[in-house]
Amino acid sequence: MKSLIIKTIVGVLALSIVTFANTLPKLAYKQYKISKDSNPTVHRLVKEGGELVYPKPRKARKLLVEALKKVSKGAKIDKYDYLWTQYGLLKSAMESGTNKYGPGTRADYMKVAKNVMKFLDHENVGEWQFTELGAFQMEVCREAGNGLGWELMEEGKKLKTALQYTKKAEYCMRGEEDYFIYDTKVRILLKMKKKNKAYTIVKQILNKDPDFGDFQDIKHSKSYRKWLKK
């Protein structure tokens, strides 16, 4: 009886987590025909969803998916709003202020990130970085490229692909505020057993910023200190 009760509780909790996470429909990570202007209702839904990404990620996701449902039925969407649906779904996948999935799932994060990176492959990302759209394209590239690189690195699979995504994010870096991308790149290189390349990056960053938090574990490691003496 006790075993049955435990199994029942575990089953209910698992179902609750899946329901709570609001798994995305396939239409959320598809590419659509881009128009010059968005349908007014689509634009309103995207704008409202974007504004709620941090305070209320679950509500944001519902609004963004609703916008894409209308697009899937023929409503027009412009490039900026489409990018915001993808970016909003990426940023709202995790609990506000954390790196823990909750409103969304890791699987959906990967699907959306791959979809938007494929979309950006056909754009001249970086060419118009001083325009609002150009700067936003680069922000989306940083989020999706770095996120994919990190998740694939965590899996320990497709490390070359992980590095390729991370390099695309690196291309879109602004400055020190984006050094976290170097952290992802270094961790991938270490998993690929390319210690010399990884530690060279670490040394360059620590020379600029000795207190850079993401590299403190490496800075104090025996392996890195030994490498510095070579």
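These lines cover the structure that appears in this document, whether it is placed above or below. (Residues numbered from 1 in each chain as written. Predicted model: local features only at pLDDT ≥ 70, side-chain atom pairs only at ≥ 80, totals over all residues. Heavy atoms only, no water.)

Some thoughts on the state of the cysteines
At step 1: Considering all chains together, one arrives at zero disulfides under this definition.
At step 2: No disulfide involves Cys141; its sulfur sits 3.3 Å from the nearest other cysteine sulfur, which is in Cys172.
At step 3: Exposure remark for Cys141: the relative accessible area of 5% places this residue in the buried category.
At step 4: Residue Cys172 is classed as buried on the basis of its relative accessible area of 1%. (Disulfide = S-S within 2.5 Å. Buried < 20%, exposed > 50% of the residue type's maximum accessible area, 1.4 Å probe, protein only.)

As for the side chain of Lys185
At step 1: Within the element layout of this structure, Lys185 appears in helix 8 (residues 180–191).
At step 2: Residues in contact with Lys185, not counting those within four places in the same chain, are Leu163, Thr166, Glu170 and Ile201. (Helix = DSSP H or I, 4+ residues; strand = E, 2+ residues; numbered from the N terminus. Contact = heavy atoms within 4.5 Å.)

Re helix 5 (residues 106–120)
At step 1: Over its 15 residues, helix 5 extends 21 Å from the first C-alpha to the last, a length consistent with the 21 Å expected when each residue adds 1.5 Å.
At step 2: Where helix 5 is concerned, the buried positions are Asp108, Tyr109, Met110, Val112, Ala113, Asn115, Val116, Met117, Phe119 and Leu120.
At step 3: Each element contacted by the buried residues of helix 5 is listed here: helix 4 (79–91), helix 6 (132–155) and helix 7 (159–171). (Expected span 1.5 Å × (residues − 1).)

Some words on the pattern of salt bridges
At step 1: Using the criterion set out here, one finds 16 salt bridges in the structure.
At step 2: The partner of Glu48 in a salt bridge is Arg44, and the shortest N-O contact between them spans 3.5 Å. Of this pair, Glu48 and Arg44 both sit in helix 2 (residues 40–51), four residues apart, which is roughly one turn of the helix.
At step 3: Of the residues examined, Glu48 reaches a relative accessible area of 31% and is grouped as partly exposed.
At step 4: Residue Arg44 is classed as partly exposed on the basis of its relative accessible area, which comes to 41%. (Salt bridge = Lys/Arg side-chain N within 4 Å of Asp/Glu carboxyl O.)

Any functional reading would require information beyond the geometric quantities listed.
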